[in-house]
Amino acid sequence: MTAQDAEPPGRLLIRDLAQVATPSGSSAPLRREALRAVDLFEDAYVLCDGGRISEVGEMRRLRPIAGEVRELDGRGLSAIPGLVDCHTHACFAGDRVAEFALRAGGAGYEELHAAGGGIVSTVRATRAAGDAGLSAALERHLGWMLRAGTTTFEAKSGYGLDRETELAQLRAVRAAGGVPTFLGAHAVPPEFADAGADAYLDFVLAEVLPEAARLARAADVFLERGAFDAGQARRYLLACRAAGLELRLHGDQFTELGAIPLAVELGARSVDHLEATGPDGVALLSASQVTGVLLPASALFLGRPMPPGRSLVDAGAAVALATDFNPGSAYCESLPLVCSLACTQLRLTPEEALAACTVNAAHVLSRADRKGRLAAGLDADVVLVAADDWRHLAYHLGGPVVHTVVRGGRIAWAGAA
Ligand code: NIG
Ligand code: FE
């Protein structure tokens with residue numbers, strides 16, 4: 001925190017914007033038609049006061065403001081809500097560029113995992129990093145995310161898989177202002193290879209969960225062949241729910257092993273991935289209160305089928321979009337790129353993509369009362385898109401679309417798009 005951050009944010013007027021675009025209404029999560037309803041103001045402004053939005057409107061309605069106010073010139077730019085990344089593994093040390101090269105040469109992701117690489121190689125690097133090294137790595141990743149327009153983030157543990165490092169990950173995420181998720185059931189670590197997944201879960205639930213539950217908001221499990229099965233996932237999630245955590249699942253990434261039925265049965269907040277979800281899963285999820293979190297950058301990065309985004313939206317599911325930023329399956333921190341993939345690969349409209357990585361993502365994190373829209377009273381988190389039509393966010397594939405990022409009423413990043 002800088003000295004300037006210690007001062008309460010004053011007033012900030014973002015003026016002469018070509019457009020202000022925000023998901024309509026005030027409820028969450030959004031589904032069906034409500035998912036694509038965007039309020040659009042042209043030649044507009046956003047006024048921030050004390051870290052909150054105080055007014056959004058057209059320039060011709062702007063009344064004179066008495067007293068001190070900082071102005072930001074929005075000519076040629078568009079404003080959208082700060083982006084919310086509700087599924088990341090951003091708290092990791094090292095990278096997996098060598099594994100990436102092997103995969104480019106034909107090696108499979110699950111094959112590398114089974115051979116002791118993959119997730120476990122990041123576990124080795126994360127355990128070795130120490131608290132300071134881990135926080136430094138997280139800060140570096142958060143810098144990338146901020147420059148891509150992310151103003152609210154979730155990040156999971158799951159690269160410690162021992163007491164000390166799991167808790168260190170959760171503390172680092174909290175200290176960096178993120179929403180921490182306890183992914184104690186991500187993989188079975190090497191020291192439990194002989195004892196097996198059940199013995200590892202005995203350890204995690206007895207030794208790590210009590211403290212993790214004080215630090216995290218939710219728990220998550222990797223329900224997949226080679227990781228944890230449905231029975232093990234149920235046991236882990238029930239214990240985490242009893243400890244006060246919300247529930248999330250990595251499900252249907254490679255195979256359908258009952259993640260959606262389990263998520264619905266347990267009242268999970270979300271089930272994430274869904275690349276392998278078939279029509280029954282789409283129907284069950286769409287009729288439930290569970291949000292489906294779509295991670296198209298992960299499907300792209302692994303060369304996997306895309307999740308059935310259009311079918312889910314048409315069937316009335318609450319969907320969110322996230323990066324899944326991690327060193328193995330999605331070395332990608334960019335929600336604008338994810339929006340491009342949502343429009344080109346999942347056949348969502350730009351409006352649906354916007355709501356999915358703002359309001360609905362905030363709902364997954366239980367923050368929709370404060371985040372995800374540009375409306376009076378909400379947190380002053382604003383992304384200025386470097387174009388006079390906000391839809392360039394998704395249109396400009398991999399382009400420098402984020403011009404400026406305002407977080408909590410302060411300019412957090414002023415780029416040079
Ligand atoms: O969401 N699939 C499980 N976990 C992560 C990948 C983790 C890794 O490869 O390090 C995911 O894709
Ligand atoms: Fe993930």
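Placed above this text is the structure.
Everything in this summary refers to the structure shown in the same document. All values derive from a computational prediction rather than experimental measurement. (Residues numbered from 1 in each chain as written. Chains lettered and ligands numbered in written order. Predicted model: local features only at pLDDT ≥ 70, side-chain atom pairs only at ≥ 80, totals over all residues. Heavy atoms only, no water.)

Bringing the coordination of the iron ion (ligand 2) into the picture now. Here the iron ion (ligand 2) is held by His87 (NE2), His89 (NE2), His250 (NE2) and Asp324 (OD), and the distances to it run 2.1 to 2.2 Å. Between the donor residues of the iron ion (ligand 2), the gaps in sequence give the motif H-x1-H-x160-H-x73-D. Each member of the pair, His87 as well as His89, carries the same accessibility label: buried. (Donors = N, O, S within 2.8 Å, 3.2 Å for Na, K, Ca; no water. Buried < 20%, exposed > 50% of the residue type's maximum accessible area, 1.4 Å probe, protein only.)

This part takes up the nonpolar core. Within the largest apolar cluster, 98 residues are counted, with the highest numbers of intra-cluster contacts made by Ile80, Phe182, Tyr236, Leu249, Val271 and Leu321. Top element by residues in this core is helix H7 (residues 197-215). It accounts for 10 residues. Counting 16 residues, the second largest nonpolar core, distinct from the first, contains Ile14, Leu17, Leu77 and Leu384. (Core = buried A, V, L, I, M, F, W, Y, C linked by side-chain atoms within 4.5 Å. Helix = DSSP H or I, 4+ residues; strand = E, 2+ residues; numbered from the N terminus.)

Moving on to the environment of Leu201. In this fold, Leu201 is placed in helix H7. On the basis of relative accessibility, which here comes to 0%, the residue Leu201 falls in the buried class. Residues Leu201 and Gln253, 52 residues apart in the sequence, show an inter-C-alpha distance of 21 Å. Non-local contacts of Leu201, meaning those with residues more than four positions away in its chain, are made with Ala185, Phe228, Gln232, Arg235 and Tyr236. (Contact = heavy atoms within 4.5 Å.)

Within the structure, ligand 1 sits among 15 residues, and Arg96, Tyr109, Tyr159, Gln253 and Ser329 are positioned closest to it. A distance of 2.5 Å is found between an oxygen atom of ligand 1 and a side-chain nitrogen or oxygen belonging to Tyr159. Within the contact set of ligand 1, an oxygen atom lies 2.9 Å away from a side-chain nitrogen or oxygen of Asp324. Burial of ligand 1 by the protein amounts to 100% of the accessible area it has alone, namely 330 Å². Split by residue class, the shell around ligand 1 holds four nonpolar, nine polar and two charged. (Near = heavy atom within 4 Å. Polar contact = N/O pair within 3.5 Å; in protein donor to acceptor, adjacent residues only side chain to side chain. Areas by Shrake-Rupley, 256 points an atom, 1.4 Å probe, with all protein chains shown as cover. Nonpolar A, V, L, I, M, F, W, Y, C, P; charged D, E, K, R; others polar.)

With that settled, consider the environment of Ile80. Locating Ile80 in the fold gives a position in strand E5 (residues 78-81). In this structure Ile80 comes out as buried when scored by relative accessible area, which is 0%.

What follows deals with the sheet that holds strand E6 (residues 83-85). The eight strands lie next to each other as E6-E7-E8-E9-E10-E11-E12-E13, forming an open sheet whose pairing is parallel. Unpaired on one side and paired on the other, E6 and strand E13 (319-321) mark the two borders of the sheet. With direction set aside, neighbouring strand axes in the sheet form an average angle of 25°. In the sheet, strand E8 (residues 179-185) pairs with strand E9 (residues 218-222) via three bridges, with the strands oriented parallel. Residue pairing across strands places Phe182 opposite Ala219, the latter belonging to E9. (Pairing = 2+ DSSP bridges. Axes fitted to C-alpha atoms, helices over the stretch in contact; angles between N-to-C directions.)

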